Amino acid sequence: MKKIELDIVGLSYSQTQSGAYALVLGEINGRRRLPIIIGSFEAQAIAIEIEKMTPSRPLTHDLFKTFAQSFNISVQEVIIYNLVDGIFYAKLICSDGKRTMEIDARTSDAIAISVRFSCPIYTYEFILSTAGIVIEGNEFVYLENLNEATEDKPSVSASTGSYASLSEDELRTRLQEALNDEAYEKAAKLRDELNRRKSS
């Protein structure tokens with residue numbers, strides 16, 4: 001079967017499952033999007049790597065990368081290969097230079113690992129035609145707006161607003177403290193406030 005390459009185009013709070021996120025993968029050079037519901041831990045793991053934030057201690061996916069590289073194993077690609085009863089199935093294609101192996105993984109973990117190895121993400125036409133949606137225009141919130149993804153989260157916008165009175169130096173100090181404490185949701189809010197100021 002022909003593989004279709006995907007890219008991460010959005011990450012927002014899930015409208016249907018409390019405490020979950022909607023990861024949106026987009027067909028490269030196409031209009032179709034593949035939304036996948038993932039947990040908050042995996043959402044943070046993906047966002048932290050994309051935003052190049054450095055946690056004080058390695059996250060699970062960072063540990064996987066370090067472990068794999070220590071034994072000269074690389075992840076060459078991620079394939080979302082099946083969809084059964086609304087659950088996506090993925091696998092990592094790994095190589096040590098001599099042999100290639102396929103490792104089964106939860107899709108959210110596979111994506112979090114793919115961003116760390118900078119490897120491509122693929123799926124098949126039957127999955128995109130079954131679960132994909134066609135987007136006209138830009139209807140998804142991008143990773144920069146991770147913590148302001150929906151209007152039904154007043155606590156998020158309120159807490160983001162509470163940082164408006166802080167100076168940029170204070171924001172950077174609190175951001176580093178949040179990272180040291182592994183308070184990644186707080187760190188993302190502080191980062192969003194800094195980004196908002198840069199863009200205004």
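Residues numbered from 1 in each chain as written. Predicted model: local features only at pLDDT ≥ 70, side-chain atom pairs only at ≥ 80, totals over all residues. Heavy atoms only, no water.

(A) Expanded view of the overall build of the protein chain. Each helix and strand counted, the protein chain has seven helices and eight strands in total. Residues counted as buried form 46% of the 200 residues belonging to the protein chain. A separation of at least 24 residues holds for 57% of the contacts in the protein chain among residues at least 6 apart in sequence. For the protein chain, the accessible surface area stands at approximately 11,000 Å², while carbon and sulfur atoms represent 49% of it. (Helix = DSSP H or I, 4+ residues; strand = E, 2+ residues; numbered from the N terminus. Buried < 20%, exposed > 50% of the residue type's maximum accessible area, 1.4 Å probe, protein only. Contact = heavy atoms within 4.5 Å. Areas by Shrake-Rupley, 256 points an atom, 1.4 Å probe, with all protein chains shown as cover.)

(B) Main features of the pattern of salt bridges. For the coordinates displayed, the defined rule picks out ten salt bridges. Salt-bridge contacts for Glu42 lead to Arg106; the nearest nitrogen and oxygen are separated by 2.4 Å. Of this pair, Glu42 sits in helix H1 (residues 40–50) while Arg106 sits in strand S6 (residues 100–106), placing them 64 residues apart in sequence. Note that Arg106 and Asp109 form a salt bridge whose closest N and O atoms lie 2.9 Å from each other. (Salt bridge = Lys/Arg side-chain N within 4 Å of Asp/Glu carboxyl O.)

(C) Structural detail: the pairing of strand S1 (residues 3–13). Counting buried positions along S1 gives eight out of eleven residues, so the element sits mostly inside the fold. Both S1 and strand S7 (residues 121–124) contribute to a ladder of four bridges, which runs antiparallel. Residue Leu6 lies in a different strand from S7, and its bridge partner there is Ile121. (Pairing = 2+ DSSP bridges.)

(D) Focus on a nonpolar patch on the surface. Side chains of Phe67, Phe71 and Ile73 sit close together on the surface and give an oily, nonpolar patch of about 330 Å² of accessible area. Ile73 sits in the partly exposed class, given a relative accessible area of 33%. (Patch = residues over 30% accessible without salt bridge, like charges linked within 9 Å, V, L, I, M, F, W, Y side chains within 5 Å.)

(E) The arrangement of the nonpolar core in detail. The biggest cluster of nonpolar side chains holds 45 residues, and the ones touching the most others in it are Leu25 and Ile80. Looking at this core, the element that brings in the most residues is helix H3 (residues 107–117), giving six residues. Among all residues touching Ile80, those that are not within four sequence positions of it are Leu6, Leu25, Ile36, Phe88, Tyr89, Ala90, Thr107, Ile121, Tyr122, Thr123, Tyr124 and Ile127. (Core = buried A, V, L, I, M, F, W, Y, C linked by side-chain atoms within 4.5 Å.)

(F) How the structure looks around the side chain of Thr123. Inspection of the secondary structure assignment puts Thr123 in strand S7. Within the local environment of Thr123, its side chain forms a polar contact with the backbone oxygen of Ile80, the two atoms lying 2.9 Å apart. Not counting chain neighbours up to four residues away, the residues in contact with Thr123 comprise Lys2, Lys3, Ile4, Leu6, Ile80 and Leu128. (Polar contact = N/O pair within 3.5 Å; in protein donor to acceptor, adjacent residues only side chain to side chain.)

(G) Summary view of the pairing of strand S3 (residues 32–39). Strand direction decides the pairing type here: strand S2 (residues 20–27) and S3, joined by seven bridges, are antiparallel. The residue bridging Ala20 from the neighbouring strand is Gly39, located in S3. Linkage of S2 to S3, two consecutive antiparallel strands, is achieved through a turn of four residues, within which Asn29 is found at a positive phi near 60°.

(H) Representation of the packing of H1 against H3. Two numbers describe how H1 lies on H3: the axes approach to 9 Å, and their chain directions differ by 10°. The angle between H1 and H3 places the two elements in the roughly parallel class. For the pair H1 and H3, the sense of crossing is left-handed. Across the interface between the two elements, Glu42, Ala45, Ile46, Glu49 and Ile50 of H1 pack against Ser108, Asp109, Ile111, Ala112, Val115 and Arg116 of H3. Taken together, the residues of the contact of H1 with H3 break down into six nonpolar, one polar and four charged. (Axes fitted to C-alpha atoms, helices over the stretch in contact; angles between N-to-C directions. Parallel < 35°, antiparallel > 145°, perpendicular 65-115°, else oblique. Left-handed = near helix turned anticlockwise from the far one by under 90°. Nonpolar A, V, L, I, M, F, W, Y, C, P; charged D, E, K, R; others polar.)

(I) A look at the sheet that holds S2. Spatially, eight strands are ordered S6-S5-S4-S7-S1-S2-S3-S8 in an open sheet, and the strand pairing comes out mixed. Edge positions in the open sheet fall to S6 and strand S8 (133–134), since each of these has one partner strand only. One ladder, built from seven bridges, connects S1 with S2; its direction is antiparallel. For Leu6, the partnering residue across the bridge sits in S2 and is Glu27. Packing against the sheet, H1 makes contact with S1, S2, S3 and S6, and its axis sits at approximately 120° to S3.

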